[in-house]
Each structure stands twice: as structure tokens, then as C-alpha cells.
Amino acid sequence: MTTGMEKRKLEKLGIETSLLGFGCMRFPVTAEGKIDEPEAEKMLDRAIGAGVNYIDTAYPYHNGDSEPFVGRVLKKYDRSSLYLATKLPLWQVNTLEDVDRIFTQQLERLQTDYIDFYLMHAVNKERFDVMAQIGCIRRLEELKEQGKIRYLGFSFHDSYEVFEEVLNYRDWDFCQIQLNYMDAQVQAGLKGYHLAEEKGVPMVIMEPVKGGFLADFAGDITGRFQKLDSQASVASFALRWVGSLSNVKVVLSGMSTMEQVEDNLKTFSPFRSLSQEESQEIQEIVALINSRVQNGCTACRYCMPCPAGVDIPGNFRVWNTYHMYQNYNMVKGRWEQELGEGKQAKNCIKCGKCEKACPQKLSIRADLERVQADMDRKEFAR
């Protein structure tokens with residue numbers, strides 16, 4: 001068994017990437033909110049020194065500071081030894097001039113004359129249709145023909161049906177989706193993974209640890225993971241679940257501490273696919289987490305608008321997530337800032353209008369009372 005960093009062949013492209021990719025959107029920051037450059041540079045150096053050769057950034061990461069910082073750090077390395085990925089912010093593109101201006105700026109920021117993996121960032125139906133209409137995709141193909149882009153792909157946030165449409169639009173070099181064991185049926189999901197595999201399109205995976213939430217469970221679930229391997233972190237199982245899929249060529253991890261870098265290097269050097277026992281245990285853990293859902297709100301929004309200003313689906317989403325993961329930190333921002341005082345369940349006037357409209361026939365008024373009581377009690381704060 002090799003002890004070095006796991007590498008994966010992208011047969012379609014004739015190259016080999018490290019299975020672990022360094023995501024550059026969650027660098028450590030200073031008290032002022034800027035990238036802690038000395039620490040972040042040490043982290044990148046450690047990862048690259050251990051065999052990570054796929055570095056993923058994007059135009060808006062760290063308020064636009066990620067690309068210039070990555071460009072400065074990577075200048076000390078042989079450019080051909082690394083695969084650099086960045087993305088075109090589609091929401092800032094209205095014309096082909098915008099494409100050219102942003103791409104030129106990215107080359108300058110990254111101090112390079114080509115991008116290895118260039119992605120249309122956060123594709124959804126609406127944005128993709130606009131990009132096709134204005135000729136953006138053709139312009140990116142021209143940049144590829146000029147050698148300024150080596151491989152052209154997209155990162156994706158929409159339904160499976162839209163994913164199928166986008167994937168079939170042209171012969172993509174690669175694509176990037178969100179995938180983890182809790183969200184296997186969300187967005188493109190496993191169904192999208194299998195479609196890309198069938199078409200021979202290599203995959204890069206983002207959010208394998210669901211923004212860190214699959215690294216921090218209540219004690220009962222943490223204990224189940226520790227029984228499988230007392231020396232492994234809980235996060236490592238989420239990374240291995242994704243990496244056990246053979247058409248996954250890069251698993252991106254947005255690392256914020258050197259401790260996370262070291263843990264990820266341990267997970268991928270060498271990499272072990274999940275055993276049958278581990279896969280079965282994770283399936284059972286997923287079932288347990290899903291069994292904690294408090295009600296069956298589908299966020300169809302037929303109950304909205306609420307005369308009292310309550311965001312009914314928003315409250316139920318917070319409530320269900322809070323109970324599933326038994327972790328107040330996971331919903332704190334959504335509960336305290338996004339919903340805030342004005343949209344929280346406590347404002348319900350019990351008029352019953354929502355219940356008449358609910359296709360699921362939920363007891364919305366009673367459930368909103370339970371939401372507020374549970375969130376006020378904060379039983380799972382830690």
C-alpha cells in the first residue's frame with residue numbers, strides 16, 4: 001500500500017490530480033477579517049509539500065483577496081506542478097466584455113498566463129440560460145482554444161433536472177457538485193454523480209463535510225464513529241464517503257487551521273475506501289439523524305405570506321435542522337440573524353390561514369409554538 005497522497009487519474013484529460021484539493025475560501029483570518037497570510041501560507045506549503053496539487057479559489061472568496069494571495073504564494077512553485085482552479089462569477093456577467101475583463105483580472109491576480117480548471121461559478125437554470133444567450137460559453141471555449149484555459153467546467157447549485165440539462169449542453173472537461181452523505185439526494189446529488197460517471201465527465205466535489213457540520217455531532221453519534229476507528233476524526237468519515245466514489249477525482253476541503261490540514265493529510269495519505277461495515281454504519285447514522293426531523297414541511301411556501309410576518313418554512317427548517325444535528329451553532333445565524341425577532345415563530349397570531357393552505361396538513365400553529373419553546377430553551381447549545 002502506498003503511503004503518499006492519493007492520486008486519481010482523469011482519463012478524459014490525461015492527467016492525475018491529488019484526491020484532496022485545497023479549497024481557498026476558508027483561510028484563517030485576522031481580528032480585522034483579513035486573511036492571516038503567514039498562517040495560511042504555512043498551511044498551503046504543508047499541503048503542497050505533502051502532495052496536494054489541486055488548489056481551488058474563486059473571484060469573490062475572502063472579499064476578493066483569495067486570488068491575489070494564492071497567486072503570491074504559488075509564485076514560489078513550479079507552475080506546471082500544480083493545478084490551479086478558479087471561477088467566473090456569473091452574477092457579475094452581463095456582457096462578453098465582462099467575461100474578458102474579469103478573466104484578465106484573474107490572470108493578473110493569480111500572476112499566471114493560464115488557468116488549469118476554469119469553472120462557471122454557481123450555475124443554476126436562470127444564470128446558465130443567460131450565459132448561453134449572451135455567448136459567454138462560446139467565449140470561454142475561445143479562451144480555451146487560445147490556451148488560457150486548460151479545462152472548462154462548471155460548479156452547480158440547482159435541481160437534478162437542471163444538472164442533466166447543463167451536463168448535456170456540451171462536452172464538459174469536468175464538473176463540480178455539492179455532495180455528502182447527508183445531502184445525497186439534494187441538488188444534483190448521487191443521481192447527478194452517476195449521470196456524470198456514465199458520460200465520462202470527471203467530478204470535483206465541494207461541501208463533503210457540509211460546511212463543517214459533519215465534523216461536529218452530539219455525543220451519541222460521535223461515539224458511533226469512534227467505535228469504528230478511535231484514531232480517526234469524525235470529519236474523515238465524510239471525506240472518505242465521497243472519496244470512495246471512483247469518478248470523484250478531487251475532494252475539496254476549505255481548511256481554516258493547520259490542525260484541519262494535518263487531519264486531512266492523514267485521511268488521504270494513504271486513502272482508504274469505506275469498508276462495508278463503515279458504509280452500513282453511516283447509512284444507519286443518516287437514518288437516525290433523519291428520524292429526528294420534527295415535521296414534514298417541504299418548504300412549498302403555500303402557507304406564505306403570513307399576516308404576522310412569520311417565515312413559517314424558515315422556522316421549520318431551523319427547527320428540523322436543530323433537532324437533526326442536535327447542535328445550536330448549526331442554526332444560530334439563521335435563527336438569530338436571518339429570521340431575527342420579526343420572522344420568528346413567537347409572532348404567530350394563530351389565525352389559521354396557513355393551515356388551510358398547507359398541502360401536508362401540518363398542525364402549523366401548534367408546531368410554531370414548539371419551535372419557539374425549543375429555540376428559547378437551547379437544549380443543544382454547545
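Preceding block: the structure.
Description of the structure in this document. (Residues numbered from 1 in each chain as written. Predicted model: local features only at pLDDT ≥ 70, side-chain atom pairs only at ≥ 80, totals over all residues. Heavy atoms only, no water.)

Observations regarding the overall build of the protein chain
Line of reasoning, step 1. Scanning the protein chain from N- to C-terminus turns up 15 helices and 10 strands.
Line of reasoning, step 2. For 382 residues, the compact-globule estimate of 2.2 N^0.38 gives 21 Å, and the C-alpha radius of gyration of the protein chain, at 22 Å, lies within 12% of that figure.
Line of reasoning, step 3. By principal-axis analysis of the C-alpha atoms, the protein chain measures approximately 65 × 50 × 45 Å.
Line of reasoning, step 4. Evaluated residue by residue, the protein chain yields a buried proportion of 52% over its 382 residues.
Line of reasoning, step 5. Long-range contacts, defined here as pairs at least 24 residues apart, represent 75% of the contacts in the protein chain between residues at least 6 apart.
Line of reasoning, step 6. A total accessible area of about 17,000 Å² is found for the protein chain, and carbon and sulfur atoms account for 48% of it. (Helix = DSSP H or I, 4+ residues; strand = E, 2+ residues; numbered from the N terminus. Rg over C-alpha atoms; globule rule 2.2 N^0.38 Å. Buried < 20%, exposed > 50% of the residue type's maximum accessible area, 1.4 Å probe, protein only. Contact = heavy atoms within 4.5 Å. Areas by Shrake-Rupley, 256 points an atom, 1.4 Å probe, with all protein chains shown as cover.)

Regarding helix 12 (residues 312–325)
Line of reasoning, step 1. The end-to-end C-alpha distance of helix 12 is 20 Å, a good match for the 20 Å that 14 residues give at a rise of 1.5 Å each.
Line of reasoning, step 2. For helix 12, a buried count of 13 out of 14 residues is recorded, marking the element as mostly surrounded by other parts of the structure.
Line of reasoning, step 3. Two or three places before Gly314, at the start of helix 12, stands the capping residue Asp311, its side-chain oxygen 2.9 Å from that residue's backbone nitrogen.
Line of reasoning, step 4. Taken from the residues just after helix 12, Gln326 is the one with a positive phi, measuring 50°. (Expected span 1.5 Å × (residues − 1). Polar contact = N/O pair within 3.5 Å; in protein donor to acceptor, adjacent residues only side chain to side chain.)

Regarding the packing of aromatic side chains
Line of reasoning, step 1. Enumeration according to the criterion identifies 21 aromatic pairs in this entry.
Line of reasoning, step 2. For the pair Phe316 and Trp319, a centre-to-centre distance of 6.0 Å together with 40° between the ring planes defines the contact as tilted. Here Phe316 pairs with Trp319, and both are found in helix 12, just 3 residues apart, close to one helical turn.
Line of reasoning, step 3. For Phe316, a relative accessible area of 1% translates into the label buried. (Phe/Tyr/Trp six-rings, centres within 6.5 Å; stacked < 30°, edge-to-face > 60°.)

Observations concerning the state of the cysteines
Line of reasoning, step 1. Enumeration according to the criterion identifies 0 disulfides in this entry.
Line of reasoning, step 2. Looking at Cys297, it has no disulfide partner, and the nearest cysteine sulfur is the one in Cys303, 6.4 Å off.
Line of reasoning, step 3. The exposure class assigned to Cys297 is partly exposed, which follows from its relative accessible area of 27%.
Line of reasoning, step 4. Here Cys354 is not cross-linked by a disulfide; its sulfur's nearest cysteine counterpart is in Cys351, at 5.9 Å. (Disulfide = S-S within 2.5 Å.)

Things to note about the packing of helix 12 against helix 13 (residues 332–343)
Line of reasoning, step 1. Their axes nearest at 11 Å, the elements helix 12 and helix 13 cross at an angle of 140°. On the basis of the axis angle, helix 12 is oblique to helix 13. The two elements helix 12 and helix 13 cross, and the hand of that crossing is left-handed. Each of Gly314, Asn315, Arg317, Val318 and Thr321 in helix 12 lies in contact with helix 13, whose residues at this interface are Arg334, Trp335, Leu339 and Lys343.
Line of reasoning, step 2. Residue composition of the contact of helix 12 with helix 13, grouped by class: 3 nonpolar, 3 polar and 3 charged. (Axes fitted to C-alpha atoms, helices over the stretch in contact; angles between N-to-C directions. Parallel < 35°, antiparallel > 145°, perpendicular 65-115°, else oblique. Left-handed = near helix turned anticlockwise from the far one by under 90°. Nonpolar A, V, L, I, M, F, W, Y, C, P; charged D, E, K, R; others polar.)

Observations regarding the packing of helix 3 (residues 96–110) against helix 5 (residues 136–145)
Line of reasoning, step 1. Taken N-terminus to C-terminus, the directions of helix 3 and helix 5 make an angle of 40°; their axes are 9 Å apart at the nearest point. Between helix 3 and helix 5, the crossing angle belongs to the class labelled oblique. Like other packed secondary-structure pairs, helix 3 and helix 5 cross with a definite hand, here right-handed. Here helix 3 contributes Leu96, Val99, Asp100 and Phe103 to the contact with helix 5, which in turn contributes Cys136, Arg139, Leu140 and Leu143.
Line of reasoning, step 2. Across the contact of helix 3 with helix 5, the residue classes break down as 6 nonpolar, no polar and 2 charged.

Considering the pattern of salt bridges
Line of reasoning, step 1. By the definition in use, this model includes 37 salt bridges.
Line of reasoning, step 2. Taking the shortest distance from any N to any O, the salt bridge between Lys125 and Glu165 comes out at 2.8 Å. Taken as a pair, Lys125 in helix 4 (residues 125–134) and Glu165 in helix 6 (residues 160–167) lie far apart in primary sequence, 40 residues in all.
Line of reasoning, step 3. Residue class for Glu165 comes out partly exposed when judged on its relative accessible area of 36%.
Line of reasoning, step 4. Of the charged contacts in the structure, one is a salt bridge between Arg139 and Glu142, with a shortest N-O distance of 3.1 Å. A residue pair is termed a helical-turn pair when its members lie 3 or 4 positions apart in one helix, as Arg139 and Glu142 do in helix 5 at 3 residues. (Salt bridge = Lys/Arg side-chain N within 4 Å of Asp/Glu carboxyl O.)

A word on the environment of Val242
Line of reasoning, step 1. Of note, Val242 is situated in helix 9 (residues 234–243).
Line of reasoning, step 2. Here the alpha-carbon distance between Val242 and Ser273, two residues 31 residues apart in the chain, equals 9.1 Å.
Line of reasoning, step 3. Beyond its immediate sequence surroundings of up to four residues, Val242 is in contact with Leu179, Asn180, Ile205, Pro208, Val248 and Val251.

Section: the side chain of Gln178
Line of reasoning, step 1. Structurally, Gln178 is set in strand 8 (residues 175–178).
Line of reasoning, step 2. When residues no more than four places from it in sequence are discounted, the contact partners of Gln178 are His157, Asp183, Gln187, Met206 and Glu207.

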